[in-house]
Amino acid sequence: MITFNELKITSDNKNLIIDVSVKEDSYYKNVYLDSITIDNQNSYIDNGPSEKAIYSYNAEGNLKNVRLVIDYREIIDGINNNILFVYAKTKGVPTSDTPCGMDNITTIGVAYNAYPLY
């Protein structure tokens, strides 16, 4: 249900950019963004966001798109030398004819600072 339009750490290692959208398919006309939660390699668990998340954002209203530019100081443990697991969660109900597997309310994306590797 969610598309990560952009998910990256800036080259200066100071910001994490998250741009997510609910897909524009007709199945999702009553589906909106609910929250974004971030774990790192220390707080990551197999079954979704942990209770020890290093950052949380709750969307207000019925948003279909959110773009966040998060300063490294807002994230517990920062972003340097961390693998960030970004969970985008939706609210609302997709239509009843939504194909199987396209109705997951949580989508995960991964970000790390790749610039030192270049």
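S.K.: Looking at this structure, how should I read the sheet that holds strand 1 (residues 2–9)?
M.R.: The strands making up a sheet are joined through hydrogen bonds of the backbone, oriented either antiparallel or parallel. Taken in spatial order, the three strands line up as 1-2-5 in an open sheet, and their pairing is antiparallel. Edge strands, defined here as strands with exactly one partner in the open sheet, are strand 1 and strand 5 (65–71). Ignoring strand direction, the axes of neighbouring strands in this sheet form an average angle of 10°.

S.K.: Honestly, the pattern of salt bridges in this entry has me stumped. Any pointers?
M.R.: Here the idea is simple: oppositely charged side chains can pair when their charged atoms come close. Taken as a whole, this structure holds four salt bridges when the rule is applied. Lys-8 is paired through a salt bridge with Glu-6; the nearest N and O atoms lie 3.7 Å apart. Residue Arg-73 is joined to Asp-71 by a salt bridge in which the shortest nitrogen-to-oxygen separation is 2.9 Å. Assessed through its relative accessible area of 64%, Arg-73 is described here as exposed.

Cut-offs applied
- Residues numbered from 1 in each chain as written.
- Predicted model: local features only at pLDDT ≥ 70, side-chain atom pairs only at ≥ 80, totals over all residues.
- Heavy atoms only, no water.
- Pairing = 2+ DSSP bridges.
- Helix = DSSP H or I, 4+ residues; strand = E, 2+ residues; numbered from the N terminus.
- Axes fitted to C-alpha atoms, helices over the stretch in contact; angles between N-to-C directions.
- Salt bridge = Lys/Arg side-chain N within 4 Å of Asp/Glu carboxyl O.
- Buried < 20%, exposed > 50% of the residue type's maximum accessible area, 1.4 Å probe, protein only.

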